[in-house]
Structure formats: structure tokens, C-alpha cells
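Below, each chain spelled out in residue letters.
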Amino acid sequence: MEQAMDGSIPITSSEKGSILDRIRAQMRQEMQEEVRQEVRQEVRQEVRQEVEKSLATLARSVLKLLDARGVQVKPAEKKRIRACRDLAVLETWLDRSSRITLASELFK
């Protein structure tokens, strides 16, 4: 193959098209992967927000049930209930809150 005046090797239009197609395909793949990563991050964030809302709702339910039953809850106990981010613990507390007479019994 002969070299052009600038030292490069000339390519046919068919070869040029093939190279451009490969570059386009690679760019498409890279862009698709970037979009996938962005969507994954957005979905993770949305799921975290929904989980936080659900946990906060469950904590409020514990407090409302205790209040409805006339169980006195100290500020520190309310803070602990609101701060809990363990679903199993909150579910246990909700169950217990229907039977206890002292808020301190919730945490046993």
C-alpha cells in the first residue's frame, strides 16, 4: 500500500465507513452504559427515599398507638423510636405497643 505525501496510509471509502461504524457503535455502547449508570443511581435514591418514608411512617404508627392507648412516652423514648431505621425492630415495637403499659417495655 502506498503512503500519502503526509506519511499516512490512504484508506478506501469502504474502510473509512467501516471504521466510522465501529466508532459510532462503541460510542453508542459507552453512552448507553452511562445512561444505565445514571438510571441505577436515580432508582437507588428513589428506593432509599421510599424506605425512609416507610420507616418514618412505621415509627409514627408506634407513637400514635402508644398515645391512643394512653401510654406516656418520654422525649428520649420518642427520639429513639423516630431514629430507628431497622424494619424488624420497628415491627416488633409496633406489635409490643399494642400490649404494653409502660413505654420502657417497648425496648426490652
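Our subject in this report is the structure included herewith. (Residues numbered from 1 in each chain as written. Predicted model: local features only at pLDDT ≥ 70, side-chain atom pairs only at ≥ 80, totals over all residues. Heavy atoms only, no water.)

To continue, consider the nonpolar core. Counting residues in hydrophobic clusters, the biggest one holds 16 residues, and the most contacted among them are Val-62, Leu-66, Ile-81, Leu-90, Trp-93 and Leu-106. Contributing elements (two or more residues each) for this core: helix H1 (13-68) and helix H3 (87-97). Sorting elements by how many residues they give to this core places H1 first, with six residues. Apart from residues lying up to four places away in sequence, Trp-93 is in contact with Val-62, Arg-80, Ile-81, Cys-84, Leu-106 and Phe-107. (Core = buried A, V, L, I, M, F, W, Y, C linked by side-chain atoms within 4.5 Å. Buried < 20%, exposed > 50% of the residue type's maximum accessible area, 1.4 Å probe, protein only. Helix = DSSP H or I, 4+ residues; strand = E, 2+ residues; numbered from the N terminus. Contact = heavy atoms within 4.5 Å.)

Let us now look at the packing of aromatic side chains. Aromatic ring pairs are defined here through the distance separating the ring centres and the angle between the ring planes. With the rule as written, the count across this model stands at one aromatic pair. Taking the centre distance of 5.1 Å and the plane angle of 90 degrees together, the rings of Trp-93 and Phe-107 count as edge-to-face. Remark: Phe-107 occurs in the segment after H3 and Trp-93 occurs in helix H3; sequence separation between them is 14 residues. An identical accessibility class is assigned to Trp-93 and Phe-107; each is buried. (Phe/Tyr/Trp six-rings, centres within 6.5 Å; stacked < 30°, edge-to-face > 60°.)

By themselves, these figures tell us nothing about what the structure is for.
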